[in-house]
Amino acid sequence: MRTTTTGPLRVLDTTLREGEQFAQAHFTTEDRLRLALALDAFGVDEIELPSPAVSPAAAEDVAAVLRLGLRAAVRVHLRCTPADVEAALACGARGVNLFLGASPALGAHSLRETPRARRDRVRAAVGLAAQAGAFVRFSAEDAFRTPRRDLLRLFDVEAGARRLGVPDTVGTATPEAVAATVGALRRRYPGIGQEFHGHNDTGCAIANAIAAWQAGAECLDVTVLGLGERVGITSLGGLMARLYTFDPGLVARYRLEQLPALDAAVAALVGVAVPFNQPLTAAHAFTHVAGVHSNAVLRAPHTYEAVDPAVLGRTRVVSVTSRLTGRHAVARFATELLGRPVDAEEARGATAALKATAERRRIDVGTAADIVRAALGVAGEA
Ligand code: HCA
Ligand code: CU
């Protein structure tokens, strides 16, 4: 599964930094502290915060999160400037995630600096933080639209960085490109770990993160629900689902049963619903509709389930509200409803009645119950 073995995977949650770049996000100090505690309780290995140089309030928030004494390592996200590094050190940060635009596009239109000037900046900022004893990660922003030669020249600066980050800043990388780049860094800088941060503009964020891990990256960035700039990055839940289905042991140290509440709390905080297609925590993530599916799931759930809902503290739902509903689902529903077994003929009759109504309009479970009772000649509840 993983071609190169390193230490255990580390998951860095950047909901408080990248997630704040989601267009609808606004976090108060209290929100930040509560979220940091929830992420720590879930078990993420690292938590990234915005630069304390953003504002005096941002610096106070960093100090407040540090005072929580979390088990997770706290990293502050910094530009490669002495002011950012000094602000981080002044708040007591022991881990700094420095980043600088690497691609020709960012060099020309964002930073407006020559490659040499950028290398000098990296050397100075990484060196300053490393000499102060901080854990330093340096990330080459837009790494996948940067010619490999330029990328390596920038990373060659190293200057005491303990980890190198390769962000897919605009979400255009493929799993093959991610694996190739991580592999090249591993060969060139033995002893220095790699981190991957992937945006989801083309829907590849989870697949790309897994490609990075399989190529040997030690740390993957996520946010709750995948929140971030534009359509965001790899989601915490998506990564958990992906790893769990490889091997539940890979995510045994995370409190997966806390994920539904975590996703729901963050969704509420930023004013969205948990997306209908969110792995593991979507409203209908464990609802089975078509008769063929329900029939098999009632006999053996793994036929149509990637993950047992009990792992999330959730329960499976076998729908009886569709014209696609099958008689096995109806038989079970009727048995629970009436508190007695129903025979095959009753199940067939109730199914036909249900399907006839569901063919014409959308129905809910209450209506399904009324239809089944009527079909079986049982009076409804008062
Ligand atoms: C940003 C850029 C970043 C940085 C990632 C990193 C990206 O929004 O500031 O530091 O590794 O996607 O490139 O989030
Ligand atoms: Cu990003």
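See the structure above.
Computed from a prediction, not measured in an experiment: that's the story for all the values here.

### Thoughts on the overall build of the chain
Here is step 1 of the chain: Counting its secondary structure elements, the chain contains 14 helices and 10 strands.
Here is step 2 of the chain: Dimensions of the chain, computed from C-alpha atoms along their principal axes, come out at roughly 80 × 40 × 35 Å.
Here is step 3 of the chain: Within the chain, the fraction of its 382 residues that count as buried is 50%.
Here is step 4 of the chain: Long-range pairs, those at least 24 residues apart, make up 71% of the contacts in the chain with a sequence separation of at least 6.
Here is step 5 of the chain: For the chain, the separation between the mean place of its 43 positive charges and that of its 40 negative charges on side chains is 4 Å.

### Details of the sheet that holds strand β3 (residues 73–79)
Here is step 1 of the chain: Strand order around the closed barrel formed by 8 strands is β1-β2-β3-β4-β5-β6-β7-β8, with parallel pairing between neighbours. Across the sheet, the axes of successive neighbouring strands diverge by a mean angle of 25°, strand direction being ignored.
Here is step 2 of the chain: Examined bridge by bridge, strand β2 (residues 46–49) and β3 share 4 bridges and lie parallel to one another. Within β3, the residue paired with L49 across the bridge is V76.

### Description of the pattern of salt bridges
Here is step 1 of the chain: Taken as a whole and assessed by the stated rule, the structure comprises 27 salt bridges.
Here is step 2 of the chain: Two residues, E20 and R32, come together in a salt bridge whose shortest N-O distance is 3.3 Å. Taken as a pair, E20 in the loop between β1 (10–13) and α1 (29–42) and R32 in helix α1 lie far apart in primary sequence, 12 residues in all.
Here is step 3 of the chain: R32 sits in the buried class, given a relative accessible area of 13%.
Here is step 4 of the chain: Each of R10, R17, E18, E46, E48, R75, R137, R163, E195 and E218 takes part in salt bridges that share partners, so that together they form one network.

### Quick look at the environment of V270
Here is step 1 of the chain: Positionally, V270 belongs in helix α10 (residues 259–270).
Here is step 2 of the chain: Taking the relative accessible area as the measure of exposure, V270 reaches 3% and is therefore buried.
Here is step 3 of the chain: Residues V270 and F144, spaced 126 residues apart in sequence, show a C-alpha to C-alpha distance of 30 Å.
Here is step 4 of the chain: Excluding residues that lie within four positions of it along the chain, V270 makes contacts with F22, Q24, A25, F27 and L227.

### Quick look at the packing of helix α3 (residues 82–90) against helix α5 (residues 115–131)
Here is step 1 of the chain: Axis separation between α3 and α5 bottoms out at 9 Å; the angle between their running directions is 15°. Between α3 and α5, the angle is such that the two are roughly parallel. Crossing geometry of α3 relative to α5 is assigned as right-handed. Where α3 abuts α5, its residues P82, V85 and E86 lie against A125, L128 and A129.
Here is step 2 of the chain: Here the residues of the contact of α3 with α5 are counted per class, giving 5 nonpolar, no polar and 1 charged.

### Observations concerning α1
Here is step 1 of the chain: Taking 1.5 Å of rise per residue, the 14 residues of α1 would be expected to cover 20 Å, and the 20 Å separating its terminal C-alpha atoms lies within 8% of that figure.
Here is step 2 of the chain: Among the residues of α1, D31, R32, L35, A36, L39, D40 and F42 are the ones counted as buried. The arc that holds the buried residues of α1, viewed along the axis, is 160°, so those residues lie on one side. Opposite its buried face, α1 presents the exposed residues E30 and R34, each directed more than 90 degrees away.
Here is step 3 of the chain: Buried residues along α1 sit in contact with β1, β2, α2 (56–67), α9 (236–246) and α10.

### Thoughts on helix α12 (residues 327–338)
For an α-helix the count is 3.6 residues per turn, leaving residues at separations of three or four pointing the same way.
Here is step 1 of the chain: Here α12 contains 12 residues, and its C-alpha end-to-end distance of 16 Å stays within 8% of the 16 Å for a straight helix at 1.5 Å per residue.
Here is step 2 of the chain: Considering only its buried residues, α12 is in contact with α11 (291–299), β10 (317–318), α13 (344–360) and α14 (365–375).

### Some points on the site of ligand 1
Here is step 1 of the chain: Close contacts around ligand 1 come from R17, E18, Q21, H77, F99, R137, S139, E141, P167, T169, H197 and H199, and that covers them all.
Here is step 2 of the chain: A distance of 2.9 Å is found between an oxygen atom of ligand 1 and a side-chain nitrogen or oxygen belonging to H199.
Here is step 3 of the chain: With 3 residues, the top contributor of residues to the shell around ligand 1 is strand β5 (residues 135–141).
Here is step 4 of the chain: Considered class by class, the residues forming the shell around ligand 1 number 2 nonpolar, 6 polar and 4 charged.

### Structural notes on the pairing of strand β7 (residues 193–198)
Here is step 1 of the chain: Across the 6 residues of β7, 6 count as buried, placing the element largely inside the fold.
Here is step 2 of the chain: The alternating pattern of β7 places G193, E195 and H197 on one face and Q194, F196 and G198 on the opposite face, and all of these are buried.
Here is step 3 of the chain: Examined bridge by bridge, strand β6 (residues 163–168) and β7 share 6 bridges and lie parallel to one another. Bridging across to β7, P167 finds its partner in H197.
Here is step 4 of the chain: Handedness of the crossover joining β6 and β7 through helix α7 (residues 175–188) is recorded here as right-handed.
Here is step 5 of the chain: In this structure, β7 lies alongside strand β8 (residues 219–222), joined through 2 bridges in parallel fashion. The residue bridging E195 from the neighbouring strand is C219, located in β8.
Here is step 6 of the chain: Between the parallel pair β7 and β8, the chain is carried across by helix α8 (residues 205–214), and the sense of this crossover is right-handed.

Rules used throughout
- Residues numbered from 1 in each chain as written.
- Chains lettered and ligands numbered in written order.
- Predicted model: local features only at pLDDT ≥ 70, side-chain atom pairs only at ≥ 80, totals over all residues.
- Heavy atoms only, no water.
- Helix = DSSP H or I, 4+ residues; strand = E, 2+ residues; numbered from the N terminus.
- Buried < 20%, exposed > 50% of the residue type's maximum accessible area, 1.4 Å probe, protein only.
- Contact = heavy atoms within 4.5 Å.
- Lys, Arg positive; Asp, Glu negative; His and termini not counted.
- Charge placed at Lys NZ, Arg CZ, Asp CG, Glu CD.
- Pairing = 2+ DSSP bridges.
- Axes fitted to C-alpha atoms, helices over the stretch in contact; angles between N-to-C directions.
- Salt bridge = Lys/Arg side-chain N within 4 Å of Asp/Glu carboxyl O.
- Parallel < 35°, antiparallel > 145°, perpendicular 65-115°, else oblique.
- Left-handed = near helix turned anticlockwise from the far one by under 90°.
- Nonpolar A, V, L, I, M, F, W, Y, C, P; charged D, E, K, R; others polar.
- Expected span 1.5 Å × (residues − 1).
- Arc of directions from axis to C-beta.
- Near = heavy atom within 4 Å.
- Polar contact = N/O pair within 3.5 Å; in protein donor to acceptor, adjacent residues only side chain to side chain.
- Right-handed = clockwise from strand over helix to strand, strands pointing away.

As far as function goes, none of this settles anything; it's purely spatial.
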